[in-house]
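What follows is each chain in one-letter form.
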Amino acid sequence: AYEIRFVNRGTQAATNLIVQAIAPKGMTPTKAEGPPGVNHEISGKEVIFEAIPRLAPRADAGFHIRVRGDRPGDMRFTVELHCDQLDTSLKKEESTRVYADN
């Protein structure tokens, strides 16, 4: 399971925040949850959340994604954040080691 939390550390509201998560080969997203009222879609290896219209200064938004490890190995789970105020998206990778069941 992954917990993703974004904090607006700026002095102005962030607008149209879109969060997208991408599971690597060997992982499958099984469940996702965003802030209240924010729906999502799981499509293959991707989880895409509806846009958050506005995130006030110093406010945060939390997301939870559950995945299933389909094969052992070192996996890189990726999350991207897009919003009107950024020229490029923010990207974060989390390394996860999946072990084989015995």
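Up top is the structure these notes are about.
Note that the structure is a prediction, hence the values are computed from the model and not measured.

Within the largest apolar cluster, 24 residues are counted, with the highest numbers of intra-cluster contacts made by Phe49, Phe63, Ile65 and Phe77. Looking at this core, the elements with two or more residues in it are strand 1 (2–7), strand 2 (14–22), strand 3 (27–33), strand 5 (46–49), strand 6 (52–55), strand 7 (60–69) and strand 8 (73–82).

Moving on: the environment of His64. Topologically, His64 is positioned in strand 7. What makes His64 partly exposed here is its relative accessible area of 36%. Counting along the chain gives 33 residues from His64 to Lys31, while the straight-line C-alpha distance between them is 8.2 Å. If near-sequence neighbours (up to four positions away) are discounted, His64 is found in contact with Tyr2, Glu3, Lys31, Ala32 and Glu33.

Conventions and cut-offs
Residues numbered from 1 in each chain as written. Predicted model: local features only at pLDDT ≥ 70, side-chain atom pairs only at ≥ 80, totals over all residues. Heavy atoms only, no water. Core = buried A, V, L, I, M, F, W, Y, C linked by side-chain atoms within 4.5 Å. Buried < 20%, exposed > 50% of the residue type's maximum accessible area, 1.4 Å probe, protein only. Helix = DSSP H or I, 4+ residues; strand = E, 2+ residues; numbered from the N terminus. Contact = heavy atoms within 4.5 Å.

Purely geometric stuff here, so don't read any function into it on its own.
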